[in-house]
Amino acid sequence: MRFALILILAFSIGAAVFADAGYVERKLLRADPDSVPADPALLRFAVSRGRPEFVAHCAVCHGVSGAGDPLNGVPNLTDGDWLYGTGRVADIEQIIEYGIRSRNSRGWSLAIMPAYARPHPSPADQNIRPLAPGEISDLIEFLFRKQGRATDAAAASRGAALYAGDAGCYDCHSLDAKGDSAIGAPNLADAITLYGDGSRDALYQSIAYGRQGVCPAWIKKLNAASIRETAVYVYAISHSGVVSNAD
């Protein structure tokens, strides 16, 4: 009899916990995604459930910590530097849902880095001409100057003319080389490098052979709650102190 009562009590507690989790999940989905970080209870709930989702689905590329892999152009999700959008939960959620160059019609796919060392750098734009190795080197010196690093002054001046002229780099990365997060064009004037270590050799590889990173679309693989929870978790690890506040 006592054992039966214990079973009934355990079942009742489990059912209550499940019902409460279901209520909070529905509340999370009804909320404006960008309001979640300001709600301690929703934040804790989303982070606790988003962490295992991230480990299961995102860590294979971004790493368990979210620090990424510069050798393969996988962005660091913990540094607050955003390639797409501004780091809002809604921006992150959209990327998780629809991906980057994922062949989903709602995904981001505008910014495709030309391969300037090839005879036809961009299949999508026949007006972009190839660059000679010396011209690519000049562009690199210009970028070094923008980053405040030691550079060859004459080469940097030639690179500046190329950047704002024939090479057409400004069209995506903007005239100030600070990029455009609306299309996923990275900031070239800061010290954060998506591919490689920021050296001349690494930059040469990017300019000469192009970059076209891909993030899968999860809209058909994860439910709405899992996507929202993962987005909140990524937001949390990119903002100092948010994870500790959610624990």
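An account of the accompanying structure is given in this report. Counting starts from 1 at the beginning of each chain's written sequence and moves along it residue by residue. Given that the model is predicted, a residue must reach a pLDDT of at least 70 before its local features are reported, and side-chain atom pairs must reach 80 or more before they are shown or counted; all residues, however, enter totals for whole chains, interfaces and linings. Just so you know, side-chain values use all the structure's heavy atoms and leave hydrogens and water out.

1. Quick word on the overall build of the protein chain
Turning to step 1, where the next piece is worked out: Elements are defined by DSSP. Helices are runs of H or I of four residues or more, strands are runs of E of two residues or more, and each kind is numbered from the N terminus. Of regular secondary structure, the protein chain possesses 10 helices and 0 strands.
Turning to step 2, where the next piece is worked out: From first element to last, N terminus to C terminus, the protein chain shows the α and β order α-α-α-α-α-α-α-α-α-α.
Turning to step 3, where the next piece is worked out: The 247 residues of the protein chain split such that 40% are buried.
Turning to step 4, where the next piece is worked out: Per-residue accessibility takes into account occlusion by the displayed protein chains alone, with areas from the Shrake-Rupley method and a 1.4 Å probe. Carbon and sulfur atoms make up 58% of the accessible area of the protein chain, which totals about 13,600 Å². Relative accessible area decides the class of each residue, using a 1.4 Å probe on protein chains only: under 20% of the type maximum gives buried, over 50% gives exposed, and in between gives partly exposed.

2. Some points on unusual backbone geometry
Turning to step 1, where the next piece is worked out: Positive phi outside glycine occurs at Arg-101, with the angle close to 50°.
Turning to step 2, where the next piece is worked out: Of note, Arg-101 is situated in the loop between helix H4 (89-98) and helix H5 (133-146).
Turning to step 3, where the next piece is worked out: Residue class for Arg-101 comes out buried when judged on its relative accessible area of 17%.
Turning to step 4, where the next piece is worked out: If you check the backbone angles, Arg-103 has positive phi at about 70° while not being a glycine.

3. Some details on the packing of H5 against helix H6 (residues 153-163)
Turning to step 1, where the next piece is worked out: To get an axis, fit a line to the C-alpha atoms, keeping to the stretch in contact for a helix; angles then go from 0 to 180 degrees between the N-to-C directions. Viewed as axis vectors pointing N to C, H5 and H6 meet at an angle of 100°, and their least axial separation amounts to 7 Å. Our classification of the angle between H5 and H6 gives roughly perpendicular. Contacts between H5 and H6 involve Glu-135, Asp-138, Leu-139, Glu-141, Phe-142 and Arg-145 on the former and, on the latter, Ala-153, Ala-155, Ala-156, Ser-157, Arg-158, Gly-159, Ala-160, Leu-162 and Tyr-163.
Turning to step 2, where the next piece is worked out: Tallied by class, residues from the contact of H5 with H6 come to 8 nonpolar, 2 polar and 5 charged. When an angle is under 35 degrees it counts as roughly parallel; over 145 it counts as roughly antiparallel; between 65 and 115 it counts as roughly perpendicular; any other value is oblique. In this description, contact between two residues means that some pair of their heavy atoms is separated by no more than 4.5 Å. Note on residue categories: nonpolar means Ala, Val, Leu, Ile, Met, Phe, Trp, Tyr, Cys or Pro, charged means Asp, Glu, Lys or Arg, and polar means any other residue, Gly included.

4. Structural notes on the pattern of salt bridges
Turning to step 1, where the next piece is worked out: Salt bridge, as used here, is a side-chain nitrogen of Lys or Arg placed within 4 Å of a carboxyl oxygen of Asp or Glu. Considering all chains together, one arrives at 9 salt bridges under this definition.
Turning to step 2, where the next piece is worked out: In this structure, Asp-34 and Arg-88 form a salt bridge, with 2.4 Å as the shortest nitrogen-oxygen distance. Pair noted here: Asp-34 is in the loop between helix H1 (2-30) and helix H2 (40-57) and Arg-88 is in the loop between helix H3 (59-62) and H4, with a separation of 54 residues, a long-range link.
Turning to step 3, where the next piece is worked out: Taking the relative accessible area as the measure of exposure, Asp-34 reaches 31% and is therefore partly exposed.

5. Remarks on helix H8 (residues 200-209)
Turning to step 1, where the next piece is worked out: Every buried residue belonging to H8 is among Ala-202, Leu-203, Ser-206, Ile-207 and Ala-208, and all of these are buried.
Turning to step 2, where the next piece is worked out: Where the residues of H8 are buried, they touch H5.
Turning to step 3, where the next piece is worked out: Note on H8: the residue one or two positions beyond its end, Gly-210, has a positive phi of about 80°.

6. Section: the side chain of Glu-93
Turning to step 1, where the next piece is worked out: By secondary structure assignment, the location of Glu-93 is in helix H4.
Turning to step 2, where the next piece is worked out: A relative accessible area of 11% places Glu-93 in the buried class.
Turning to step 3, where the next piece is worked out: Beyond its immediate sequence surroundings of up to four residues, Glu-93 is in contact with Pro-33, Ile-227, Arg-228 and Ala-231.

7. Considerations on the nonpolar core
Turning to step 1, where the next piece is worked out: Within the largest apolar cluster, 28 residues are counted, with the highest numbers of intra-cluster contacts made by Phe-54, Ile-92 and Val-232.
Turning to step 2, where the next piece is worked out: Mapped onto this core, the elements with two or more residues apiece are H1, H2, H4 and helix H9 (224-238).
Turning to step 3, where the next piece is worked out: With 8 residues, H9 is the single largest residue contributor to this core.
Turning to step 4, where the next piece is worked out: Once residues within four sequence positions are removed from consideration, Ile-92 is found in contact with Trp-82, Gly-87, Ala-231, Val-234 and Tyr-235. Residues enter a nonpolar core if they are buried and are Ala, Val, Leu, Ile, Met, Phe, Trp, Tyr or Cys, with the set joined through side-chain atoms within 4.5 Å.

8. So, the packing of aromatic side chains
Geometrically, a pair of aromatic rings is defined through the distance of the ring centres and the angle of the planes.
Turning to step 1, where the next piece is worked out: Aromatic pairing here means that ring centres of Phe, Tyr or Trp (its six-membered ring) are within 6.5 Å. Orientation follows from the plane angle: under 30 degrees is stacked, over 60 is edge-to-face, and everything else is tilted. Summed over the entire model, instances satisfying the criterion amount to 3 aromatic pairs.
Turning to step 2, where the next piece is worked out: Ring geometry for Phe-142 against Tyr-163: centres 5.0 Å apart, planes inclined by 45°, an arrangement best described as tilted. Highlighted residues: Phe-142 in helix H5 and Tyr-163 in helix H6, separated in sequence by 21 residues.
Turning to step 3, where the next piece is worked out: What makes Phe-142 buried here is its relative accessible area of 5%.
Turning to step 4, where the next piece is worked out: Placement of a charge over a ring requires the Lys NZ or Arg CZ to be within 6 Å of the ring centre, with the centre-to-atom vector within 35 degrees of the ring normal. For the cation-ring pair, Arg-149 lies above Phe-144, with the distance from its terminal atom to the ring centre recorded as 3.7 Å.

9. Remarks on the packing of H4 against H9
Turning to step 1, where the next piece is worked out: As a packed pair, H4 and H9 sit with axes 8 Å apart at the nearest point and diverge in direction by 125°. Compared by their axis directions, H4 and H9 come out oblique. Between H4 and H9 the crossing geometry is right-handed. Touching Val-89, Ile-92, Glu-93, Ile-96 and Glu-97 of H4 are Ile-227, Arg-228, Thr-230, Ala-231, Val-232, Val-234 and Tyr-235, all from H9. By convention, the crossing between two helices is left-handed when the near helix turns anticlockwise from the far helix through less than a right angle, and right-handed when the turn is clockwise.

10. Some details on the state of the cysteines
Simply put, disulfide is the name for a covalent bond between the sulfur atoms of two cysteines.
Turning to step 1, where the next piece is worked out: Our working definition of a disulfide is a cysteine sulfur pair at a distance within 2.5 Å. As enumerated under the stated definition, the model contains 0 disulfides in all.
Turning to step 2, where the next piece is worked out: In this structure Cys-169 is not part of a disulfide, and its nearest cysteine sulfur, from Cys-172, lies 9.1 Å away.
Turning to step 3, where the next piece is worked out: Under the relative-accessibility criterion, Cys-169 is labelled buried at 12%.
Turning to step 4, where the next piece is worked out: For the unlinked cysteine Cys-215, the closest cysteine sulfur is that of Cys-58, found at 7.4 Å.

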